[in-house]
Amino acid sequence: MDDERINLSLRVNGATHRIEDAWYFETLLSVLRYRLALTGTKQACETGSCGACTVLLDGRPINSCIALAADVDGDVTTIEGYSPADGSLTPLQEALLAAGDVQCGYCLPGMVLAGSAFIEEHPNATEDEVREGMCGNLCRCTAYLSMIEGIREASAR
Amino acid sequence: MTVTSAMSGRVVRPTSLEEAITACTQRPDARIMGGGTLVVAERALGISTTPAYLLLSGIPELHGVTPGGAAATGGPSRIGAQTTLRALLDAALSPMLDVALRSLATPQIRNRATVGGNIAERRPAHTLAPCLLALDASVGSAGPDGTRRRSIRDFVAEGLGEGEIIVDVALPARGGFQRFVRVAPRNGPGYAIASVAVSIDPTGRSVHSGIGGSGSTALPGTAADDFLAEAIDWASGAAPAGAAEEYGRLLAAACDPPTDDRASAGYRRHAIAVMGRRLIEAWNEEQQRG
């Protein structure tokens, strides 16, 4: 049915995108990956449980898999927009790499974006603060200790 | 701006409460959506194939928290239905809500999920309703027949009418002891198996509680609260020996818990009794420490 398709516009990584013929039930994750080819945002649980699809909306982390694209009003930042354009790493990315928090890497874009918002609000974070503040991101390689170390290290910089 | 008023017949985003009520009537098959964290996940799981969505995000009067005055003297705090759980946490209205909200899902979910969405469908496992029962809140709503305000007790018993949406939650100023505890499969994110929220206000000399996960909706612990308010010697701030035990027993008696894949009815009833007793013991200890 024709009315199952909608047009919408999204601001992603500083640019405005006009999306034609999206499904009315389409998620932000789906638009980012399959219409804008921003595949750094990962698709996993699709129920807001794992955090792999985390993006920033006006600077705050949300699960893009359970955000209706039609209901996203604000500036979206994906890992492509967060990472420096010259290919270098942010201090947080460097700290996570140095701590050894990179195995399969699937959770990492979400970890980095959630972590970036976390350290913004928690300078010199304690381990307990990291454990609570990062509870929305799962790592199936279970590299949690190096993740905690990397985020603590980055929050102290 | 992503959208204005209606994007198609299937996604409607009203910009005023009036428009929203009209849209509810015109599109009764639309699923009303606060932040969508539950609604969109249910679609992904195949639980729901909603033919249309009515988004509440574009209605300014549903957003934001207006803090009330001090305990005993001040007016109520007003929490708009579209307030995110993160914004409610940031508003620091009550020590009970602080603990409860930090245990509620993840930072990502709290940045999106709304107060109205957490209570609208009266799901027993959701966190806010037991707390709002313990804080003696009221719920304002609007529908085709106008607006109304009900106690949270009436709201959890009756729910929303046809085409009715939640406008706000009002929290009366309340001091004293406020606690929320739960049993859950783990400390991290996830629904509680059972939860208890209790508030004991020495100024108003009142006890209110809410029970989660142990009935078809959140339940008030009215009989237990009445018993304790009567048993406490408010002048000295002490409860007699055995009052905590009896309080827990009465809370458990108010439950009608389900047996499901997470826990048996007996486990839940026992957990409620233990949590109720321990909360009153904790209050007693606080009183003795002064």
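What counts, and at which threshold
Residues numbered from 1 in each chain as written. Chains lettered and ligands numbered in written order. Predicted model: local features only at pLDDT ≥ 70, side-chain atom pairs only at ≥ 80, totals over all residues. Heavy atoms only, no water. Helix = DSSP H or I, 4+ residues; strand = E, 2+ residues; numbered from the N terminus. Rg over C-alpha atoms; globule rule 2.2 N^0.38 Å. Buried < 20%, exposed > 50% of the residue type's maximum accessible area, 1.4 Å probe, protein only. Contact = heavy atoms within 4.5 Å. Areas by Shrake-Rupley, 256 points an atom, 1.4 Å probe, with all protein chains shown as cover. Lys, Arg positive; Asp, Glu negative; His and termini not counted. Charge placed at Lys NZ, Arg CZ, Asp CG, Glu CD. Salt bridge = Lys/Arg side-chain N within 4 Å of Asp/Glu carboxyl O. Core = buried A, V, L, I, M, F, W, Y, C linked by side-chain atoms within 4.5 Å. Domains from an automatic or database assignment. Buried area = accessible area lost by both parts, 1.4 Å probe. Polar contact = N/O pair within 3.5 Å; in protein donor to acceptor, adjacent residues only side chain to side chain. Nonpolar A, V, L, I, M, F, W, Y, C, P; charged D, E, K, R; others polar. Pairing = 2+ DSSP bridges. Axes fitted to C-alpha atoms, helices over the stretch in contact; angles between N-to-C directions. Arc of directions from axis to C-beta.

Draft legend 1. Representation of the overall build of chain A. Secondary structure summary: chain A contains 6 helices and 5 strands in total. Going from N to C terminus, chain A has its helices and strands arranged as β-β-α-β-β-β-α-α-α-α-α. Against the globule reference of 15 Å for 157 residues, chain A gives a C-alpha radius of gyration of 16 Å, in line with a compact fold. Structurally, chain A occupies a C-alpha span of about 50 × 30 × 25 Å along its principal axes. When the 157 residues of chain A are sorted by exposure, 50% land in the buried category. The contacts of chain A with a sequence gap of at least 6 include a subset with a gap of at least 24, amounting to 51%. Total accessible area on chain A stands at roughly 7000 Å², and carbon and sulfur atoms take up 49% of it. Looking at charge distribution, chain A has the averaged site of its 11 positive side-chain charges lying 3 Å from that of its 23 negative ones.

Draft legend 2. Representation of the pattern of salt bridges. Under the defined criterion, the tally for this structure stands at 31 salt bridges over all chains. For the salt bridge of Arg18(A) with Glu20(A), the shortest nitrogen-to-oxygen distance reads 3.7 Å. Residue Arg157(A) is joined to Glu153(A) by a salt bridge in which the shortest nitrogen-to-oxygen separation is 3.5 Å. Its relative accessible area of 42% is what places Glu153(A) among the partly exposed residues. One continuous salt-bridge network, built from bridges that share partners, spans Arg60(A), Glu121(A), Arg86(B) and Asp90(B).

Draft legend 3. Region of interest: the nonpolar core. With 64 residues, the main nonpolar core has Leu28(A), Ile119(B) and Leu128(B) as its most contacted residues. If we ignore the near neighbours within four places in the chain, the residues touching Leu28(A) are Leu10(A), Val55(A), Ile62(A), Ser64(A), Ala67(A), Leu68(A), Ala69(A), Val72(A) and Val76(A). In this structure, Ile211(B), Ala224(B), Ala243(B) and Cys255(B) belong to the second largest nonpolar core, which totals 26 residues.

Draft legend 4. Representation of the domain arrangement of chain A in the model. Residue and element names in this part refer to chain A. Taken domain by domain, chain A holds domain 1 (2–78) and domain 2 (91–155). The C-alpha centroid of domain 2 is placed 23 Å from the C-alpha centroid of domain 1. On the domain 2 side, the residues contacting the 16 residues of domain 1 number 11 residues. Here domain 1 and domain 2 share an interface that buries about 940 Å² over both sides, 61% of which is from carbon and sulfur atoms. The three residues of domain 1 that bury the most area against domain 2 are Lys42, Cys50 and Thr54, which together make up 37% of that side's buried surface. On the surface where domain 1 and domain 2 come into contact, there are 0 salt bridges. If you look at where domain 1 meets domain 2, you find 4 residue pairs in polar contact (both at pLDDT 80 or more). Residue assignment for the side of domain 1 that touches domain 2 shows that the elements contributing at least two residues are strand S3 (54–57) and strand S4 (60–63). Per element, the largest residue contribution to the side of domain 1 that touches domain 2 is 3 residues, and it comes from S3. The residue makeup of the side of domain 1 that touches domain 2, split by class, is 6 nonpolar, 8 polar and 2 charged.

Draft legend 5. Spatial organisation of the interface of chain A and chain B. If you look at the interface, chain A gives 38 residues, while chain B gives 35 residues. Area buried by chain A at its contact with chain B is led by Tyr24(A), Ile66(A) and Asp71(A), which between them contribute 23% of it. Counting across the interface, chain A meets chain B through 8 salt bridges. When the shortest N-O distance is used, the salt bridge between Asp3(A) and Arg10(B) registers 2.8 Å. Linking chain A to chain B there are 11 residue pairs in polar contact (both at pLDDT 80 or more). Listing elements by their share of the side of chain A that touches chain B, those giving two or more residues are strand S1 (5–12), S3, S4, helix H4 (108–121) and helix H5 (127–133) of chain A. Sort the elements by how many residues they give to the side of chain A that touches chain B and S1(A) lands first, with 6 residues. Here the side of chain A that touches chain B is built from residues that sort into 17 nonpolar, 11 polar and 10 charged.

Draft legend 6. Focus on the sheet that holds strand S9 (residues 165–171) of chain B. Residue and element names in this part refer to chain B. One open sheet accounts for 5 strands, arranged S5-S6-S9-S7-S8; its pairing is antiparallel. Looking along the sheet, the strands with just one partner apiece sit at the ends: strand S5 (65–66) and strand S8 (146–151). Two elements, S5 and strand S6 (residues 77–80), share 2 bridges in a ladder whose sense is antiparallel. Each bridged residue has a counterpart across the sheet, and for Val65 the counterpart in S6 is Ile79. Strands in contact with helix H1 (residues 17–26) are strand S7 (138–143) and S9; relative to S9, the strand with the most contacts, it is inclined by about 135°.

Draft legend 7. Spotlight on the environment of Gly110(A). Residue and element names in this part refer to chain A. Structurally, the position occupied by Gly110 is in helix H4. Relative accessible area serves as the criterion here: at 0%, Gly110 is assigned to the buried category. With sequence-adjacent residues up to four places away left out, Gly110 is seen in contact with Gly51, Ala52, Thr54 and Asn137.

Draft legend 8. Fine view of helix H9 (residues 222–231) of chain B. Residue and element names in this part refer to chain B. For H9, the set of buried residues is Ala224, Asp225 and Leu228. For H9, the angular spread of buried residues about the axis comes to 95°, placing them on one side. H9 presents Asp226 and Glu230 as exposed residues on the side facing more than 90 degrees away from its buried surface. As for H9, its buried residues are in contact with strand S11 (194–201), strand S12 (206–212), helix H10 (243–253) and helix H11 (265–289).

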